[in-house]
Amino acid sequence: MSAIPSSEPDLRLPLLCSLEEPARKPEKGPDVQKLTIDDMLQKHCGEFGTWQLRHFVLTCLAWALEAFHTMVMIFADREPEFRCLSSGCDEMAKSVCGFEPGSWDWVGGAGSSTVAQWGLVCGEKYKVGLVQAVFFGGCMIGAGTFGHLSDSTLGRKGSLTVVCLLNAVFGCLTALAPDYWTYLLLRLLTGFSTGGVGLCAFVLATEPVGSSKRGAAGMSTFYFFSTGIAMLSGIAYIFPSWRELYIASSIPSILFLVIVLPFISESPRWYLVRGRINEAMALMRTIAKSNGKHLPDGVVLALDEDVNESSVNDQSDKQGFATKEAITGSVVDVIRSPITRIRLFLAVAINFMCSVVYYGLSLNVVNLDTNLHLNVVLNAVAEMPAFTITALLLDKLGRKPLTIGTLWFSGFFCFAGCLMGGVGIWKVVRMICGILGIFGMAGTYNLLFIYTAELFPTVVRNVALGCATQSAQMGAILAPFIVVMGGALPFAVFASCGFVGGLLAFYLPETLNRPLYDTITGMKEGEGGLSGV
């Protein structure tokens, strides 16, 4: 075989040259900047713009639904007035106990309330209080259950959908209850679903809001609850029958599911901790666009524990942010970590004491011998100034000082109330002390939702808030039994709860202008790795 002519090109040359040359570096893609949700809202999307306002209002409508299903018992389980039919009845008496059968009748008939329907008076009167206790017991169970589900599989919006659907079903079925024990069971089930409504609505409404606006937004949620109570009074006036009232108060839940819920978005924080980065980024772009902002292509959401890592330059790595392993948490995780364990204990104790005072004073106020519908409206309206004042002072004084101040404000007037007599001018003074006591505690009750939510990271926020709500329901169950004691003793108990709650709040950290952490690890790093609160 002849040799290859030198004039022909060496086909191996390009290959040999490529081996001798240094390997060519791939072109770098644009830098990716990791941002937490709070930072992204502040820098690019807007902390409380048009999108957050619309989403906040629509979500908080669920608070009015909770007011309907909770306070309906005031009208449905009331003891109506009676009228005498013969001489065996005394029209001046306060109770029908001891009257001859057939000598009296209920004004409005047997269908006016459950008391008239099933004769829940005299020896059977305890059953009215039992229904109330069972309802709040159901709320306690539901708060814990849906607190966990909203942090895990169902999410905030999914949990809100389920509880509103259950409320509508159980509320309508309650109107068909054939006897007292069926009614009791259905109120337990309604309480179970109602316990998750305010919890899920509060977190879903406030999580897309920036840190500097979150306090005022959170305080505003309770206006919807008070407005719901006032609206319920009007509904009860139009529908005097307890069966009609349960249907009328349940229909708004159906309307909320059909008309409002489709326009509510899932929380971007829940998407983030579940590893669904694509959905979280898409939602943040929507928020930015609706608020007239622009979200640059070079930024991506990350958990707070990942933000301090170095930026990723490779374009292929950028695609890796699209999905991430979901991070879950439970009450066990809250208890296992020292920083969250102490916070949980304090939040549970303070919420319990606050609820005892709030519901206890509320029961004392509504026992006035005046028009029931007007009393409910006035009580609901009276709470609103407390919400306004607390909201104005929230970002000026901070969460911790305001919590302590409102608890001690209420405790002081409760203590003053227990020193007042029950006759003459002192009776009026005691009533004023009770009004001022509930005024202060209404502000505390409102504030504790925000404070508790900010004390825990996203991965366990609803679990912790659910535990705090459960303790509040236990306080609601206990409150009627304290009120039954009568005299000055209830005021003394309420004063003690206010003072002790304020002392416990001293051990909580301030959360004003602090970020909403995503994970427990991120919280530990952000708080300087402290082992305490």
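Anyway, here's the lowdown on the structure attached to this text.

Rules and cut-offs
- Residue positions are counted from 1 within each chain, in the order its sequence is given.
- Whole-chain, interface and lining totals are the exception, using all residues; otherwise, since this is a predicted model, local features are given only for residues with pLDDT of at least 70 and side-chain atom pairs are given and counted only at 80 or more.
- Note: side-chain values were computed over all heavy atoms of the structure, leaving out hydrogens and water.
- Under the DSSP-based scheme used, a helix requires at least four consecutive residues in state H or I and a strand at least two consecutive residues in state E, with every element numbered from the N terminus.
- The rule is simple: take the accessible area with a 1.4 Å probe, protein chains only, and divide by the maximum for that residue type; under 20% is buried, over 50% is exposed, in between is partly exposed.
- Residues are treated as being in contact if the distance between any of their heavy atoms lies within 4.5 Å.
- In short, Shrake-Rupley with a 1.4 Å probe defines the accessible areas, and a residue's cover is counted only from the protein chains shown.
- Patch building starts from residues that exceed 30% relative accessible area and form no salt bridge, then joins like charges within 9 Å and nonpolar side chains (Val, Leu, Ile, Met, Phe, Trp, Tyr) within 5 Å.
- Within this document, salt bridges are pairs made up of a side-chain nitrogen of Lys or Arg and a carboxyl oxygen of Asp or Glu, the two lying within 4 Å of each other.
- Aromatic rings from Phe, Tyr and Trp, taking only the six-membered ring of Trp, are treated as a pair when their centres fall within 6.5 Å; an angle between ring planes under 30 degrees marks them as stacked, one over 60 as edge-to-face, and anything in between as tilted.
- By definition, being over a ring means that NZ of Lys or CZ of Arg is both within 6 Å of the ring centre and within 35 degrees of the ring normal.
- For a helix, the expected span equals 1.5 Å multiplied by the number of residues minus one.
- Regarding the arc, it is the one traced by the directions from the helix axis to the C-beta atoms.
- To obtain each axis, a line is fitted to C-alpha atoms, and for helices this fit is confined to the stretch in contact; angles are then taken between N-to-C directions over 0 to 180 degrees.
- Just so you know how the angles are binned, under 35 degrees is roughly parallel, over 145 roughly antiparallel, 65 to 115 roughly perpendicular, and the rest oblique.
- Throughout, a crossing is termed right-handed when the near helix is turned clockwise from the far one, and left-handed when it is turned anticlockwise from it by less than a right angle.
- Polarity classes work like this: nonpolar for Ala, Val, Leu, Ile, Met, Phe, Trp, Tyr, Cys and Pro, charged for Asp, Glu, Lys and Arg, and polar for all others, with Gly in that last group.
- By nonpolar core is meant a set of buried Ala, Val, Leu, Ile, Met, Phe, Trp, Tyr and Cys residues that side-chain atoms within 4.5 Å join together.

**A few points about the overall build of the protein**
- Assigned secondary structure in the protein consists of 21 helices and 4 strands.
- A total of 533 residues make up the protein; the buried ones form 52% of that total.
- Restricting the contact set of the protein to residue pairs at least 6 apart, pairs at least 24 apart contribute 82%.
- As displayed, the protein has an accessible area near 23800 Å², and 65% of this comes from carbon and sulfur atoms.

**Overview of a nonpolar patch on the surface**
- Together, Trp408, Phe412, Phe415, Leu419, Phe499, Leu503, Phe506 and Tyr507 give the surface a local cluster of nonpolar side chains, amounting to about 850 Å² of exposed area.
- Elements with a minimum of two residues in the nonpolar patch: α17 (399-419) and α20 (489-505).
- It is α17 that contributes the most residues to the nonpolar patch, 4 residues altogether.
- Overall, Phe415 belongs to the partly exposed group, its relative accessible area being 40%.

**Some points on the packing of aromatic side chains**
- Under the counting rule described, the total for this entry stands at 24 aromatic pairs.
- Where Phe135 meets Phe136, the ring centres are 5.5 Å apart and the plane angle is 75 degrees; that geometry is what we call edge-to-face. For the pair formed by Phe135 and Phe136, the shared burial category is buried.
- With 5.3 Å between their ring centres and 85 degrees between their planes, Tyr358 and Tyr359 make a pair best called edge-to-face. Residues Tyr358 and Tyr359 agree in their burial class; the two are buried.
- In this structure an aromatic cluster arises from ring pairing among Trp118, Tyr180, Trp181, Tyr183, Trp242 and Tyr246.
- The ring of Tyr180 is capped by Lys127, whose NZ or CZ atom sits 5.2 Å from the centre of that ring.

**Digging into helix α12 (residues 277-290)**
- Taking 1.5 Å as the rise per residue, α12 with 14 residues should run 20 Å; its terminal C-alpha atoms sit 20 Å apart, in good agreement.
- Of all the positions in α12, only Ile277, Ala280, Met281, Leu283, Met284, Ile287 and Ala288 are classed as buried. Along α12, the residues classed as buried sweep out an arc of 160 degrees about the axis, all on the same side.
- Tucked inside the fold, the buried residues of α12 contact α2 (37-45), α3 (50-76), α11 (268-273) and β4 (299-301).
- Note on α12: the residue one or two positions beyond its end, Gly292, has a positive phi of about 75 degrees.

**Quick look at the pattern of salt bridges**
- A full pass over the atoms with the stated rule returns 5 salt bridges.
- Salt-bridge contacts for Lys127 lead to Glu124; the nearest nitrogen and oxygen are separated by 2.6 Å.
- Classification of Glu124 by relative accessible area gives partly exposed; the value is 31%.
- The partner of Glu279 in a salt bridge is Arg276, and the shortest N-O contact between them spans 3.3 Å.
- With relative accessibility at 31%, the residue Glu279 sits in the partly exposed group.
- The class for Arg276 is partly exposed, based on a relative accessible area of 32%.

**Some points on the packing of α3 against helix α7 (residues 180-194)**
- The N-to-C vectors of α3 and α7 enclose an angle of 150 degrees; their axes lie 9 Å apart at closest approach. As far as their axial angle goes, α7 and α3 are roughly antiparallel. Crossing handedness for the pair α3 and α7: left-handed. Across the interface between the two elements, Glu66, His69, Thr70, Val72, Met73 and Ala76 from α3 touch Tyr183, Arg187, Thr190 and Thr194 from α7.
- In terms of residue class, the contact of α3 with α7 is made up of 4 nonpolar, 4 polar and 2 charged.

**Brief notes about the nonpolar core**
- Counting 118 residues, the largest nonpolar core has Trp63, Leu160, Phe202, Phe256 and Phe494 as the members making the most contacts within it.
- At 13 residues, α3 tops the list of elements feeding residues into this core.
- Apart from the residues within four sequence positions on either side, Leu160 is in contact with Thr59, Ala62, Val197, Cys200, Ala201, Leu204, Phe256 and Leu261.
- Of all hydrophobic cores here, the second largest spans 23 residues; its members include Leu41, Met281, Leu295 and Val300.

**Overview of helix α10 (residues 242-260)**
- For α10, spanning 19 residues, the distance from its first C-alpha to its last is 27 Å, which sits close to the expected 27 Å at 1.5 Å a residue.
- Of the positions making up α10, those classed as buried are Trp242, Leu245, Tyr246, Ala248, Ser249, Ser250, Ser253, Phe256, Leu257 and Val260.
- Buried residues in α10 make contact with α3, α4 (114-118), α6 (155-174), α7 and α9 (211-238).

Distances and angles like these do not, on their own, reveal function.
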